[in-house]
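Here are the chains, one letter per residue:
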Amino acid sequence: MIAAVSTSPGSPQDQNRNPDPTLGSLMAERRRLLNLGYRMLGSVQDAEDVVQETYARWYALSEDAQRAIDVPMAWLTRVASRICLDQLGSARARRERYTGEWLPEPVRHGAGWASTGGGAGADDPADRITLDESVSMGMLVLLDSMTPAERVAFVLHDVFGLPFTEIAETVGRTPAACRRLASSARRRLAQRPPGSATAAEHGRVVSAFREACETGDLDALVALLDPAVESRSDGGGKVRAALRPVVGRDKVARLFLGLMRREPEVELVEEDVNGLPGVAVRIGGTTFAVLAVGVGGGLITDVWLVVNPDKLRAWNGYGDGYGGETP
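If you're wondering where the values come from, they're calculated on a predicted model, not measured in any experiment.

1. Structural notes on the packing of aromatic side chains
So, point 1. Tallied over the entire structure, the rule returns two aromatic pairs.
So, point 2. Seen in terms of ring centroids, tryptophan 58 and tryptophan 75 are 5.3 Å apart; in terms of plane orientation they differ by 70°. Their pairing is edge-to-face. Highlighted residues: tryptophan 58 in helix α4 (residues 44–59) and tryptophan 75 in helix α6 (residues 72–97), separated in sequence by 17 residues. With respect to class, tryptophan 58 is no different from tryptophan 75; both count as buried.
So, point 3. Ring geometry for phenylalanine 209 against phenylalanine 256: centres 5.6 Å apart, planes inclined by 80°, an arrangement best described as edge-to-face. Of the two residues, phenylalanine 209 sits in helix α11 (residues 199–215) while phenylalanine 256 sits in helix α13 (residues 249–262), which places them 47 residues apart along the sequence. Just as phenylalanine 209 is buried, phenylalanine 256 falls in that class too.

Okay, here's the thing in structure tokens:
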């Protein structure tokens with residue numbers, strides 16, 4: 001069961017309490033919209049673009065039109081969701097041109113971002129992603145396998161707690177149809193759950209994985225991997241990466257030990273990746289890869305390796321809420 005994302009004061013229960021369409025009240029809902037966009041699209045930059053476009057559409061309205069909207073946050077949520085739905089519809093065509101595997105952009109614990117550079121604005125809590133099971137790498141990968149309408153209905157209802165009557169206005173279908181979309185999404189998740197391990201067990205497996213890679217212990221590494229483990233790498237055509245999934249514990253183990261041998265200066269650092277223990281791969285303090293895993297039955301069932309430098313900007317101090325500037 002996915003816990004609804006905390007969005008106070010912009011949750012559905014609070015929307016009627018703050019209908020004042022002033023700049024301050026609207027911008028206070030920025031975090032909710034950023035969280036929504038990231039879960040919909042799996043991309044920090046795309047989520048930021050959605051939020052900017054949503055606010056641009058609000059301020060393009062006349063003052064009379066703004067005053068006629070009883071619940072501005074509901075309006076903003078609906079518009080942002082429609083923009084996401086449009087982007088999801090065109091994403092499949094873009095993915096066909098993408099080099100190799102496409103993976104969601106990884107975020108670190110407490111990560112935020114800002115489109116206008118560093119400084120105080122970049123460290124605003126309103127620019128931070130709320131991390132829970134709905135934003136784990138495994139969940140985002142599964143969400144990406146859904147149809148756009150399924151994903152929007154599921155995220156809005158199961159994660160953000162919106163009623164199907166409101167979701168129907170967003171996706172242009174009846175409430176009953178939206179209920180079926182969310183149900184279909186849940187069936188997809190049930191067919192391949194994104195991970196059943198507790199956070200503590202997940203952390204122990206990640207630590208053992210890191211140690212086996214660092215020591216070059218093939219047997220120990222193989223013992224940590226599910227026989228049908230799949231490793232997917234996202235280089236985006238920018239850097240070298242496997243273009244297709246690597247399947248099987250022997251192949252995956254040899255893949256990672258081979259990477260370690262080729263880069264003797266590499267440092268594996270355990271980091272929070274999308275709310276769960278993962279690994280940042282660094283050389284000279286620069287992160288050039290982020291690794292997330294799925295764990296089930298005490299074994300690693302999936303490995304997601306992001307090496308596309310465009311998706312690692314926040315891991316190297318660019319607009320990440322840690323004082324770096326966005327070039």
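Structure's up, so let's keep going.
2. A few points about helix α7 (residues 137–144)
Every α-helix winds through 3.6 residues per turn, so residues three or four apart in the chain are directed the same way.
So, point 1. Here α7 lies mainly inside the structure; six of its eight residues are buried.
So, point 2. Of the residues making up α7, those classed as buried are Met137, Gly138, Met139, Leu140, Leu142 and Leu143.
So, point 3. Against α3 (30–41), α8 (148–159), α10 (175–191), β5 (286–296) and β6 (299–306) lie the buried residues of α7.

3. Quick look at the environment of glutamate 169
So, point 1. Locating glutamate 169 in the fold gives a position in helix α9 (residues 164–171).
So, point 2. A C-alpha to C-alpha distance of 9.4 Å links glutamate 169 and arginine 82, two positions 87 residues apart in sequence.
So, point 3. Filtering out sequence-adjacent residues up to four positions away, glutamate 169 remains in contact with Arg78 and Arg82.

4. Digging into the pattern of salt bridges
So, point 1. In the structure shown here, the tally under the stated rule is 16 salt bridges.
So, point 2. Overlapping salt bridges, with partners in common, bring together Glu63, Asp64 and Arg67 in one network.

5. A short note on the pairing of strand β4 (residues 276–283)
So, point 1. Two strands pair when backbone bridges link them, and strand β3 (residues 267–273) and β4 are joined in this way by seven bridges, in the antiparallel orientation. If you follow valine 273 over to β4, its bridge partner there is leucine 276.
So, point 2. With antiparallel pairing between neighbouring strands as the criterion, β3 and β4 make up a hairpin whose turn holds two residues, including asparagine 274 at a positive phi of roughly 55°.
So, point 3. Where β4 lies against β5, five bridges are found, and the strand directions are antiparallel. Looking across to β5, one finds that valine 279 is bridged to leucine 291.
So, point 4. Hairpin connection of β4 to β5: two residues between the antiparallel strands, including glycine 284 at a positive phi of 60°.

6. Some thoughts on the packing of α9 against α10
So, point 1. Contact geometry for α9 and α10: axes closest at 8 Å, N-to-C directions at 95°. Here α9 lies roughly perpendicular to α10, going by the angle between them. Side by side, α9 and α10 meet where Phe164, Thr165, Ile167, Ala168 and Val171 of the first sit next to Pro175, Cys178, Arg179, Ala182 and Arg186 of the second.
So, point 2. A per-class count over the contact of α9 with α10 returns seven nonpolar, one polar and two charged.

7. A few points about the nonpolar core
So, point 1. Residues Met40, Leu76, Val155 and Ile167 are the most contacted members of the largest nonpolar core, which totals 48 residues.
So, point 2. Sorting the residues of this core by element identifies α3, α4, α6, α7, α8, α9 and α10 as the ones contributing at least two each.
So, point 3. The element that contributes the greatest number of residues to this core is α6, accounting for nine residues.
So, point 4. Discounting chain neighbours no more than four positions away, the residues touching isoleucine 167 are Ala153, Leu156, His157, Leu162 and Cys178.

8. Overview of a positive patch on the surface
So, point 1. A contiguous patch of positive charge, built from Arg240, Arg254, Arg261 and Arg262, is present on the exposed surface.
So, point 2. Overall, arginine 261 belongs to the exposed group, its relative accessible area being 64%.

9. Description of the sheet that holds β4
Sheets are built from strands paired through backbone hydrogen bonds, the pairs being either parallel or antiparallel.
So, point 1. Strand order in the open sheet made by the six strands is β2-β1-β6-β5-β4-β3, with mixed pairing throughout. Of all the strands in the sheet, just β2 (246–247) and β3 have a single pairing partner and so form its edges.
So, point 2. Relative to β2, strand β1 (residues 225–234) runs antiparallel, the two being bridged by two bridges. Of the residues in β2, the one forming a bridge with serine 231 is valine 246.
So, point 3. Along the sheet, α13 makes contact with β1, β2, β3, β5 and β6, crossing β1 at roughly 50°.

10. Some remarks on the pairing of β6
Within a regular strand, the side chains alternate between the two sheet faces.
So, point 1. With six of its eight residues buried, β6 lies for the most part within the structure.
So, point 2. One ladder, built from seven bridges, connects β5 with β6; its direction is antiparallel. The residue bridging glycine 294 from the neighbouring strand is aspartate 302, located in β6.

11. A look at the packing of α6 against α8
So, point 1. Close contact between α6 and α8 brings their axes to 9 Å; oriented N to C, the two are set at 150°. Here the hand of the crossing between α6 and α8 comes out right-handed. Contacts from Thr77, Ser81, Leu85, Leu88, Gly89 and Arg92 of α6 reach α8 at Pro148, Ala149, Arg151, Val152 and Leu156.
So, point 2. In terms of residue class, the contact of α6 with α8 is built from six nonpolar, three polar and two charged.

Reading the values: rules and limits
Residues numbered from 1 in each chain as written. Predicted model: local features only at pLDDT ≥ 70, side-chain atom pairs only at ≥ 80, totals over all residues. Heavy atoms only, no water. Phe/Tyr/Trp six-rings, centres within 6.5 Å; stacked < 30°, edge-to-face > 60°. Helix = DSSP H or I, 4+ residues; strand = E, 2+ residues; numbered from the N terminus. Buried < 20%, exposed > 50% of the residue type's maximum accessible area, 1.4 Å probe, protein only. Contact = heavy atoms within 4.5 Å. Salt bridge = Lys/Arg side-chain N within 4 Å of Asp/Glu carboxyl O. Pairing = 2+ DSSP bridges. Axes fitted to C-alpha atoms, helices over the stretch in contact; angles between N-to-C directions. Parallel < 35°, antiparallel > 145°, perpendicular 65-115°, else oblique. Nonpolar A, V, L, I, M, F, W, Y, C, P; charged D, E, K, R; others polar. Core = buried A, V, L, I, M, F, W, Y, C linked by side-chain atoms within 4.5 Å. Patch = residues over 30% accessible without salt bridge, like charges linked within 9 Å, V, L, I, M, F, W, Y side chains within 5 Å. Areas by Shrake-Rupley, 256 points an atom, 1.4 Å probe, with all protein chains shown as cover. Lys, Arg positive; Asp, Glu negative; His and termini not counted. Charge placed at Lys NZ, Arg CZ, Asp CG, Glu CD. Left-handed = near helix turned anticlockwise from the far one by under 90°.

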